[in-house]
Amino acid sequence: MTWRQHLLLAAVVIPLAVWARWNGAVEPKGARFHPWPDAVEYAAEAQALARSGQVYLQVGPHRVRPRYPPGWPLLLAPANRLGVEGQNLWRVTALFGAGLAWLLGFLAARVT
């Protein structure tokens, strides 16, 4: 596969994957919005990392240790630092998914 074919694959797969993630799942709003507890914790950790560089959860006046390791929040924190609001951090996952889709397409093309 040539570099032009890789670019064409990326030009097709990445926008398609981002579109599918952002438009394929209906985002409930208001009273219907019930995120999984781990999603809320990841977003809160990412916000804490973006603000202070420390991994913690703010629970009232207390800072507590999160239940999950900071790997995923470390990937989300730069987006939060760039101005993505906490409730929209889920959209960042589309970029990682699109990159993974391209990588799988790239690997599949090399095998065949």
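Above this text sits the structure in question.
In this text the structure is predicted, and so the values were computed from the model without any measurement.

*Asks:* Is there a simple way to explain the overall build of the chain in this structure?
*Replies:* Assigned secondary structure in the chain consists of four helices and two strands. Taken from the N to the C terminus, the helices and strands of the chain come in the order α-α-β-β-α-α. Against the globule reference of 13 Å for 112 residues, the chain gives a C-alpha radius of gyration of 17 Å, more extended than a compact globule. Projected onto the principal axes, the alpha-carbon positions of the chain cover approximately 55 × 30 × 25 Å. Across the 112 residues in the chain, those meeting the buried criterion constitute 23%. Taking the contacts inside the chain whose residues are at least 6 apart along the sequence as the reference set, 65% of them involve residues at least 24 apart. As displayed, the chain has an accessible area near 8000 Å², and 66% of this comes from carbon and sulfur atoms.

*Asks:* What am I meant to see in the packing of helix 1 (residues 3–24) against helix 4 (residues 92–111) here?
*Replies:* Relative placement of two packed helices is described by the angle separating their axes and the distance separating the axes. Taken N-terminus to C-terminus, the directions of helix 1 and helix 4 make an angle of 140 degrees; their axes are 8 Å apart at the nearest point. Read as a crossing pair, helix 1 and helix 4 show a hand that is right-handed. On helix 4, the residues touching His6, Leu9, Ala10, Val13, Ile14, Ala17, Val18, Arg21 and Trp22 of helix 1 are Thr93, Ala94, Leu95, Ala98, Ala101, Trp102, Gly105 and Phe106.

*Asks:* Would you take a moment to explain the side chain of Glu45 for this structure?
*Replies:* If you trace the backbone, Glu45 turns up in helix 2 (residues 37–52). Buried charge Glu45 goes without a salt bridge, the closest partner of opposite sign being Arg67 at 7.9 Å. Residues within four places of Glu45 in sequence aside, it is in contact with Val55, Tyr56, Leu57, Pro66, Tyr68, Pro69, Pro70 and Pro73.

*Asks:* Explain the pattern of salt bridges to me, please; I cannot follow it from the model alone.
*Replies:* Pairing between side chains of opposite charge can happen when their charged atoms approach one another. Within the structure shown, the criterion is met by one salt bridge. Of the charged contacts, one joins Arg67 and Glu41 as a salt bridge, the two residues approaching to 3.0 Å between their closest N and O atoms. A residue pair is termed long-range when its members are at least 10 positions apart, and Arg67 in the loop between strand 2 (62–64) and helix 3 (71–81) and Glu41 in helix 2 qualify at 26 residues. A relative accessible area of 58% places Arg67 in the exposed class.

Conventions and cut-offs
Residues numbered from 1 in each chain as written. Predicted model: local features only at pLDDT ≥ 70, side-chain atom pairs only at ≥ 80, totals over all residues. Heavy atoms only, no water. Helix = DSSP H or I, 4+ residues; strand = E, 2+ residues; numbered from the N terminus. Rg over C-alpha atoms; globule rule 2.2 N^0.38 Å. Buried < 20%, exposed > 50% of the residue type's maximum accessible area, 1.4 Å probe, protein only. Contact = heavy atoms within 4.5 Å. Areas by Shrake-Rupley, 256 points an atom, 1.4 Å probe, with all protein chains shown as cover. Axes fitted to C-alpha atoms, helices over the stretch in contact; angles between N-to-C directions. Left-handed = near helix turned anticlockwise from the far one by under 90°. Lys, Arg positive; Asp, Glu negative; His and termini not counted. Salt bridge = Lys/Arg side-chain N within 4 Å of Asp/Glu carboxyl O.

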